[in-house]
Amino acid sequence: MMAASLLRRDKKSTAAHLKADLNRTDNSSGIRQLQELLDAVLNPEKSAADTEALDWCKCLIAGGEGFEEFCKTVRSYDNATLCGLVWTANFVAYRCRTCGISPCMSLCAECFNNGDHTGHDFNMFRSQAGGACDCGDGNVMRESGFCRRHRLRTGENIPSIPRDLLLMSEMVLPRFILCIIQYLRDGYIEPDTSTERDLQKVLQQLEPQISFLEELTKMGGAMRTVLTKILTNQQTFKELSMGQEENLYAKKNYDKYLSALKNSGLVSVEEKAQGATADVNVGAEGGAGAMVLLGTTSPGSPDESSKEEDQDAGQSVGQRKRVKLSSSTKDPSIIESLKHKCFLEELLFWTIKYEFPQKMVTFLLNMLPDQDYKITFTKTFVQHYVFIMKTLMKSHESDTMSNRIVHISVQLFSNEELARHVTEECQLLDIMVTVLLYMMESCLIKSELQDEENSRHVVVNCSEALLKNNTYWPLVSDFINILSHQSVAKKFLEDHSLLMLWMSFVSFFQGMNLNKRELNEHVEFESQTYYAAFAAELEACAQPMWGLLTHCKVKETQEYTKTVVRYCLETLQIWFDAIGFIDEPAPNQVTFHLPLHRYYAMFLSKAIKCQGLDLDSLLPDQEMLMKIMVHPLQIQACLSEIHSNMWVRNGLQIKGQAMTYVQSHFCNSMIDPDIYLLQVCASRLDPDYFISSVFERFKVVDLLTMASQHQNAVLDSEQERPMLEGALTFLVILTSLRIHLGMTDDEILRAEMVSQLCMNDRTHSALLDLIPENPNPKSGIVPGSCSFEEMLSAVADFKAPVFEPGGSMQQGMYTPKAEVWEKEFDPIMVVLRTVYRRDVQSAMDRYSAFLKQSGIHTGNPWPPYKERTPLHPCYKGLIKLLHCKTLHIVIFTLLYKIWMDHQNMSEHVLCMVLYLIELGLDNQVQENKEDEEPCIEEHCHDSWFPGTNLLSNLHHVINFVRVRVPETAPEVKREAPPSTSTEASSYGQNLREAQVFSLVAERRRKFQEIINRSNTEATQVVRPKSSSTRWVPPGTPPQLVTEILEIRESMLSLLIKLHQKLSSKQNSLSASWLEDMDTSRHAHGDGITAIERILTKAATRSCQIKRSIQDICGKVCPPVPPKKNSPTDKKAMDKEERRQRARERQQKLLAEFASRQKSFMETAMDVESPDTEAAMDLGASEVMESEVLYDCVICGQSGPSTEDRPTGLVVLLQASSVLGHRCKNKEAKNLPTTDEEHIYPADTCGVAHDVRLTLMQRFFKDSSCLQSVSIGWDGGVYVQTCGHTLHIDCHKSYMESLRNDQVLQGFSVDKGEFTCPLCRQFANSVLPCRPGRGTEAGAWHTPTNKKTCVLVKEVEDLQEKLGLFPTESNLSKEMELVIKDIKNTTQKKYMDYGKNPGSPDNDFLFMYSVARTNLELELVHRGGNLCSGGASAAAKRSCLNQLFHVLAMHMRLYSIDSAYNPWTKLTQIAQNKEADFDEERPEVPMLFRDVPSLLIIFVLTMPQPLRKEHFTCVVKMLYNLQLTQALAALSARFSPEERQAWSTSGALKKNAVNAEKSFEALLSHVISELSKDKSVYKVNVEETLMLSSSVWSPQSIEFSLQQFCLPFLRLSCLLQHHLYGDNLTGCLEEEEFSSLAVCLGLIPSAPQPSNTVNSASCLEWAVNAFDLVTQWCAEVTGLSQMQAEQSLTLLVQDPQWAAPRLLQLPDNYNIIFQYYHRKACTACKKVPKDPALCLVCGAFVCLKGPCCKQQGICECVLHSQHCGAATGIFLLINASVIIIIRGHRFCLWGSVYLDAHGEEDRDLRRGKPLFLCEERYRVLEQQWVSHTFDHINKRWGPHYNGL
């Protein structure tokens, strides 16, 4: 009952009251009351969504004060020294390699920015799985990197916490946590398909409760301690978890928990005791023990399990092995029993059951800074580890779940202390390995490698989801993580049973993803399983291997290495037996996955390199070595086959595999160990056997014959050459690569770096990525070794990023230094490391370019020969390969074949042959005499060469060779029967001497020998028949005959003859050339150089050779090919000639093409607007009657534009707000990066004009307002052209063809877009050219002598003439269409400014504003003034002349009512003073009108063509108005005293002779007029004082007036230039005013000294100046409605604007990123997923966010319409790149932020610090201002309003 009464009371007071009770010494009643209250409040039968309980808890815990205050108080006692901030996926964190001890170390942004990491190797990264901040944790990072807050060890000076503060928490929280657990128990249903959602529902309801727990953890150390106590206290758990006896609900609830445990395959301990016996039986019967232990059934297919019963145990190794696996785990109980002893354990259990909900994970991790909790939680986690992985395998959302698991495990296992602790106490390693095995056992299949029928080997099936989706990665990543700790790794290496288990795990991957060569059909379905296979081998096998290897670096650890090597060999032996391998690999099969071989290889390498072990002690017997070498060799041969297109029918994926195998992330775990293993085998096996094996595997045995023709059983003829090249290249790599044979780590790094740089210039990040991580880990500098950066600066030069005018942005690149090309370029390393064959070519091209440039060699160089580092003594045997007869016979044969021009030889073959000879000369074998037992057998077999030493074999002459040839071969027919007996006898002699050679037989014989040597018990020697010539490859046609060839050459003589052949000189080597040999130039060059180098080397090493060379050179004669060979010879000659001719033809064509292109470029560059050109050439004096001719770029005809068949200019119309974004200030505005900074748009040009128009429309007549200003500052239409013309009807058919073209274009034909047919520039309309002459010439130009008043009258009459409506013609139709295009270009809101939309006045305003916009923009493009004169890029794009005529034709439809014609007000003094005020509103006073607008209106509405004199007259009259406006505006800026002074001083000058041309007189007149009636100056005095602090002198006034009038003069001048073709003369900025005045005829062109040109001297009045000014001023002072301030704002208009600028960005990108990436959007108040910034106005928008969509248009697109009239420039905060939106298209522009190495970092993947690249930013601004985004950027795509 008491509880009920408490519940009714106010929560706060109840809490306070209870707290007081509990604080008494006798607190039993308090406890009782509290318990009852909690029973009532925390009743799990109520819905979890009811938050009442939560509120109660908060109040109770706070004990009467407000919860917020309570939090603050508790926080003040926080004694945590760790940061421990937990984040989820996508959070931005930092990693500093300099400070990290563990590679997983990470910091939150706050701790990072508060620590000192200058000069460190750090990067920012976007968390993938979530993480936690390690700041303050000395186990994971060095203390020097701690931030200020966590360096202080805050714990010491924190006061100890008062006992009563957390008293209530200790009482309430256990019940609260229990309540959550009860909800979780209740809500859980075993998931089948339907219930996924239900689990989510339960979690959603619990959201507030779990968030509350999370809040508590954030209160700091004090609260975490309380929570730890509760979570880990076993007593509390016992009391609460099962519920009291009488509470039925709790009992039921507990049962649910037990059944959930059971269903998870976990038994609680009591039940286990009963079931133990049963367990054993199952294990014995089922056979799949590991499965049983893990609580699931065997995954084997049904037929597999049935097999088991009927076969004897020996057969089913796959199954049996599994049994063995599981029985060897230490203690089965670690796996299956879980007894929860505290809340923490059960909470984790439910967290797993519910598949790791994010909130729970965060709560569990937030607690980690508490040390006690950390230990308990880690143990709990390990206990549940098996269960976690099983849940993961079943999960549908395995990706998310993986991330969450790793999020937790990485926090626990990165800490060495903890990892060691749980390894020792909880058998973590056993658990991990067992679970890995269990996981993989679920997807095993029978291996088809070798003996398909009887194979007993099982491999993982790469197409299973487990492998395809990488489900195993959390496990493997944890495993790698704990192996990185030395103490744990040692435990692993010491535990033999674990190692055995691990090896059997690795063997699951041995031979997976087997490829079988398709010989007939192309494969139907290309499987992509190889991705999974390579990933699995890398992650599950190689990564742990590298982890273990890092701990085997010193002598003390050699035992470990020995053990691993032993187990590798054992497992390999088992594998060979299982696949039934004897000696020959199955044909047409290859697997790239041999992890066992690679483990063996890498541990061998480590043992010899670092631990000083002896190689022989670790090697197996010869027979095993022969087996071991087979599969890696098979892979090398298959690589060659794949590149020779022998596997094309297997599809592209096989190429993908070949590439991945050598690719930088894989090569050090795949191809390198394979080659090393082959090197080891080669150094220990018989060299003849090895060499024959190589040629046999590469299938080129049949090719190695002296005969000119042969039959090859296994290769097509076009595959022979690439395969032979492959075999030789492989041998060269094998004998010259030293990566594992004695190079130091630094040398390896250098070699890798050089080979990558030689292929291509590389960016820093690409280089980091391309260089294999091991043996040089790039993260964390290896002590004592050279760092990456030092090495890079030693071998490469940095090329700063350049910006090419084409718009493609270069990155900063590294390029090899000259001495690297000269001394270190190693083509062999390049071949080994190239993924694409073209890279080898690229390296050679770059090499030859270097040689040409430095003048070392001009021809086509051969790959240079590079000296090798010495071999480690263990591997000396490798040299025997170079000194074995088999190789020498092959070399001899090939030299002969090349000399004789046999088919399928190539320069590459010769190159490799020479390379092998040279390697042999450089690596001499130490002669060991005792080996040479005289073996007669030996000699009779191959009497080709006397010994094995290359030096002695070089000059050995071979006379006759016996060959098998087809009967058709030319050699057969040559033999004449011996005519005399002597000849006959000598012939018989030859027969006996003739050499026989069969590689295959050779290999068989050696193999047999080796086997016998190792099987000593075999007494007699078994050999294949010795007449090996009879051994015929199967399947060859039988008509082979044996022939004897006369050779009489030695290798030396062949070399010398090849030298002649290559240099195509008879006796290219004179007998004495050796003496005068200059050895220095031998390093680089072509084949000739290579031969010379070899001969020189040989001669210096042996006198005998020197003598032989001199002999041969003395008597050498040109080679005589067999006579019958002439047809083929002729063929070869023809071939050469044909090639030569073809080459010449090609050269000719190319030259012709180039000249055409050049002439096109010249014409294209000169095209300005076609008419102005013509006029300029012909000067003003000549009368131009001829019409302008246009070339149509579609039909190619040239002709005038006519009414019927008009020609048009290709133009691009685009709306633009560039002008509207101009400000007064020349400096660009800064981008705000703090909350204090803001950007105010009020000072921009667009806003100023809007305000002005709105103000006018309040007081004046609408039609008059619409003629007094221009619009188009925002959303004006800009017209630009590429200068090419076409017939409009041709254009229409061109558009039709584009419409029918199905190819995806980057533009939309339906919107009228196309590309210029000639220059491919983007366009969207055609502007018709007016028929007739070009610019007004002749009579129109003649200077006039008429008086001003006459001209003024003529202009007035011209205006009275009504516009003649043009006759309806094709031309006028087209003009109307263009007008429609122009209107459609911009949005409605930028056109309707009138009160009644759609009125003619509105249209009129829009039309003349288009002209204004284009003039103003051209001015901006010319740099804001006309000082630079005529030439400018802008002029090329301008088509103002044509545009003016189109607009004029349209505007002549509107005549100006003469009563309101501004011309009269400009030039006449109104007679009737009583102006017609009958209208409701007055007209706009002249002084408020915009003068340039009036100019354009006059020009456009007067009949065209307009005479120049009339134009000048208009300009003069308008100039008077402009200057008067300037005076009025100026006077308003004076202080009252100054106004008074100027007024009186000027009044005196009024009566002077040219008072009309004196600014003082006019100024004083204006001041006195404006002071009348309703004085304009009656404004608040203080404000004006602010404006002018300086005193005005006549000079400063003059300067101001000029500045005020300049914009008008510039526009008039530009207009005159376009209408009449007048030249614009360049001038200095100071003289711009006078130069423009002369140009416009305001002052006579007699050059006066510039100082006398003042603004007033240009005036020319048609009537009395003072009367006219009085009239203009009266219009202003007579306004009754207007306030003085408003009049003043309209008077003081300042026409000067600075050039448009983008925002100024901070230098460091991090400043932008930190402020904006977590900033909430102003519209939707959420933090956007993809935030973006407008670089024009600084607006912060959501890219692609559905939150800010309006009418289906996303925010960026909306903003681009609003801010830039459909052009937007956005910086994507999370990607550092800029995107451009232009209308309905968008493109990625690139980045203006580059890192220290001059590279972009798109998407911030690398997270290195980025800095602003000023040049790029200027280019971006330039493209924006000049409206050239469409032309320069090529990759546009539609955005469908989705950005």
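Residues numbered from 1 in each chain as written. Predicted model: local features only at pLDDT ≥ 70, side-chain atom pairs only at ≥ 80, totals over all residues. Heavy atoms only, no water.

The chain is annotated in an unreviewed UniProt entry as E3 ubiquitin-protein ligase from Lates calcarifer. Within the UniProt record for the chain, the comment given under Sequence similarities (unreviewed entry) is "Belongs to the E3 ubiquitin-protein ligase UBR1-like family." Database annotation for the chain, UniProt heading Function (unreviewed entry): "Ubiquitin ligase protein which is a component of the N-end rule pathway. Recognizes and binds to proteins bearing specific N-terminal residues that are destabilizing according to the N-end rule, leading to their ubiquitination and subsequent degradation." (UniProt positions renumbered as here; feature names shortened; annotations may be inferred.)

1. Structural notes on the overall build of the chain
Counting its secondary structure elements, the chain contains 76 helices and 27 strands. When burial is assessed residue by residue, the chain has 56% of its 1843 residues classed as buried. Counting only contacts in the chain whose residues sit at least 6 apart along the sequence, the fraction spanning at least 24 positions is 79%. Total accessible area computed for the chain in this model is approximately 78800 Å², and 53% of it derives from carbon and sulfur atoms. (Helix = DSSP H or I, 4+ residues; strand = E, 2+ residues; numbered from the N terminus. Buried < 20%, exposed > 50% of the residue type's maximum accessible area, 1.4 Å probe, protein only. Contact = heavy atoms within 4.5 Å. Areas by Shrake-Rupley, 256 points an atom, 1.4 Å probe, with all protein chains shown as cover.)

2. Some words on the confidence of the model for the chain
For residues with low pLDDT, the predicted coordinates do not support detailed interpretation. Overall, the prediction assigns the chain a mean pLDDT of 80, with 81% of residues at 70 or greater. When mean pLDDT is compared element by element in the chain, helix H35 (residues 671-684) scores highest at 96, while helix H46 (residues 936-941) scores lowest at 34. Low pLDDT (under 50) marks residues 1016-1038, which in the prediction has 20 contacts with non-local residues, meaning those over four places away or in another chain. For residues 1118-1130, every residue scores under 50 in pLDDT, and the model assigns this stretch 9 contacts once sequence neighbours within four places are set aside. (pLDDT = per-residue confidence, 0-100.)

3. Examining the sheet that holds strand S27 (residues 1837-1838)
Sheets are built from strands paired through backbone hydrogen bonds, the pairs being either parallel or antiparallel. With antiparallel pairing, the 6 strands of this open sheet are ordered in space as S21-S20-S22-S23-S24-S27. Each having just a single partner strand, strand S21 (1740-1742) and S27 make up the two edges of the open sheet. (Pairing = 2+ DSSP bridges.)

4. Quick notes on the sheet that holds strand S16 (residues 1276-1287)
Pairing in this open sheet of 3 strands is antiparallel, and the strands run S16-S15-S19 from one edge to the other. Strand pairing shows two members of the sheet lacking a second neighbour, S16 and strand S19 (1325-1328), which therefore form its edges. Across the sheet, the mean angle from the axis of one strand to that of its neighbour is 40 degrees, orientation sign disregarded. Inspection of the sheet shows strand S15 (residues 1207-1216) paired to S16 by 9 bridges, in the antiparallel sense. When the sheet's bridge partners are listed, Thr 1207 is paired in S16 with His 1287. Packing against the sheet, helix H57 (residues 1288-1300) makes contact with S15, S16 and S19, and its axis sits at approximately 100 degrees to S16. Across the sheet, helix H59 (residues 1370-1385) is in contact with S15, S16 and S19; its angle to S19 comes to roughly 135 degrees. (Axes fitted to C-alpha atoms, helices over the stretch in contact; angles between N-to-C directions.)

5. A word on the state of the cysteines
Applying the stated criterion to the full structure yields 0 disulfides. Just so you know, Cys 57 is unpaired, no disulfide at all, and the nearest cysteine sulfur is the one on Cys 179, 7.8 Å from it. No disulfide involves Cys 135; its sulfur sits 3.7 Å from the nearest other cysteine sulfur, which is in Cys 147. (Disulfide = S-S within 2.5 Å.)

6. A short note on the nonpolar core
Formed by 295 residues in total, the largest nonpolar core has its most connected members in Phe 509 and Ile 917. Counting residues per element, this core draws most heavily on helix H29 (residues 529-549), which supplies 14 residues. With sequence-adjacent residues up to four places away left out, Ile 917 is seen in contact with Ile 891, Leu 895, Leu 950, Leu 954, Leu 1055 and Ile 1094. By size, the runner-up hydrophobic cluster in this structure holds 132 residues, among which are Tyr 1393, Met 1486, Cys 1513 and Leu 1668. (Core = buried A, V, L, I, M, F, W, Y, C linked by side-chain atoms within 4.5 Å.)

7. Considerations on the pairing of strand S20 (residues 1731-1734)
Neither face of S20 is exposed, since Pro 1731 and Leu 1733 on one face and Ala 1732 and Cys 1734 on the opposite face are all buried. Here 3 bridges tie S20 to S21, and the two strands are oriented antiparallel to one another. The residue bridging Pro 1731 from the neighbouring strand is Cys 1742, located in S21. Linking S20 to S21, which pair antiparallel, is a turn of 5 residues; within it Gly 1738 sits at a positive phi near 85 degrees.

8. Focus: unusual backbone geometry
With phi around 60 degrees, Asn 588 is a residue other than glycine that occupies positive phi space. On the secondary structure map, Asn 588 appears in the loop between helix H30 (558-579) and strand S8 (589-590). The exposure class assigned to Asn 588 is partly exposed, which follows from its relative accessible area of 22%. Even without being glycine, Leu 1804 reaches a positive phi, approximately 50 degrees. Within the secondary structure, Leu 1804 is located in the loop between strand S25 (1793-1794) and strand S26 (1811-1812). Since its relative accessible area comes to 9%, Leu 1804 is described here as buried.

9. Here's the deal with the pattern of salt bridges
Going through the model one piece at a time under the given rule, you end up with 61 salt bridges. Between Lys 218 and Glu 214 there is a salt bridge, with its nearest N and O atoms 3.7 Å apart. What makes Glu 214 buried here is its relative accessible area of 10%. Two residues, Arg 1489 and Glu 1483, come together in a salt bridge whose shortest N-O distance is 3.0 Å. On the basis of relative accessible area, Glu 1483 is assigned to the buried category, the value being 16%. (Salt bridge = Lys/Arg side-chain N within 4 Å of Asp/Glu carboxyl O.)

10. With respect to the packing of H30 against helix H33 (residues 622-643)
With their axes 11 Å apart at the nearest point, H30 and H33 run at an angle of 75 degrees to one another. As judged from the angle between their axes, H30 and H33 are roughly perpendicular. Residues Leu 569, Leu 572, Gln 573, Trp 575, Phe 576 and Ile 579 of H30 touch H33, and the partners they reach there are Met 624, Lys 627, Ile 628 and His 631. Broken down by class, the residue content of the contact of H30 with H33 amounts to 7 nonpolar, 2 polar and 1 charged. (Parallel < 35°, antiparallel > 145°, perpendicular 65-115°, else oblique. Nonpolar A, V, L, I, M, F, W, Y, C, P; charged D, E, K, R; others polar.)

11. Examining helix H34 (residues 652-662)
Most of H34 is tucked away: 8 of the 11 residues are buried. Tucked inside the fold, the buried residues of H34 contact strand S7 (515-516), H29, helix H31 (595-610), H33, H35 and helix H42 (827-833).

12. Considering the packing of helix H50 (residues 1051-1063) against helix H51 (residues 1087-1101)
Packed helix pairs are specified by the crossing angle of their axes together with the interaxial distance, meaning the distance between the axes. It is at 9 Å that the axes of H50 and H51 come closest, and there the two elements cross at 155 degrees. Classed by the angle they form, the pair H50 and H51 counts as roughly antiparallel. Like other packed secondary-structure pairs, H50 and H51 cross with a definite hand, here left-handed. Packed against H50, whose contacting residues are Leu 1052, Leu 1055, Ile 1056, Leu 1058, His 1059, Leu 1062 and Ser 1063, the element H51 presents Gly 1087, Ile 1088, Ile 1091, Glu 1092, Ile 1094 and Leu 1095 at the interface. Per-class residue counts for the contact of H50 with H51 are 9 nonpolar, 3 polar and 1 charged. (Left-handed = near helix turned anticlockwise from the far one by under 90°.)

13. Re the environment of Asn 513
Along the chain, Asn 513 turns up in the loop between helix H28 (496-507) and S7. Note on Asn 513: relative accessible area 14%, which makes it buried. Each C-alpha atom of the pair Asn 513 and Phe 592 lies 8.0 Å from the other, and the pair is 79 residues apart in sequence. Apart from the residues within four sequence positions on either side, Asn 513 is in contact with Cys 462, Thr 529, Tyr 530, Ala 533, Val 590, Thr 591, His 593 and Gln 657. A distance of 2.9 Å separates the side chain of Asn 513 from the side chain of Thr 529, its partner in a polar contact. (Polar contact = N/O pair within 3.5 Å; in protein donor to acceptor, adjacent residues only side chain to side chain.)

14. Remarks on the packing of aromatic side chains
Under the counting rule described, the total for this entry stands at 56 aromatic pairs. Pairing Tyr 373 with Phe 377 gives two aromatic rings, centres 5.5 Å apart and planes at 5 degrees, and the pair type is stacked. With a gap of 4 residues between them, Tyr 373 and Phe 377 both fall in helix H20 (residues 371-383), about one helical turn apart. Tyr 373 gets classed as buried once you look at its relative accessible area, which sits at 0%. One aromatic cluster in this structure is built from Tyr 188, Tyr 254, Tyr 257, Phe 349, Trp 350, Tyr 354 and Phe 387. Between Lys 1719 and the ring centre of Phe 1740, over which it is positioned, the NZ or CZ distance is 5.8 Å. (Phe/Tyr/Trp six-rings, centres within 6.5 Å; stacked < 30°, edge-to-face > 60°. Lys NZ or Arg CZ within 6 Å of the ring centre and 35° of its normal.)

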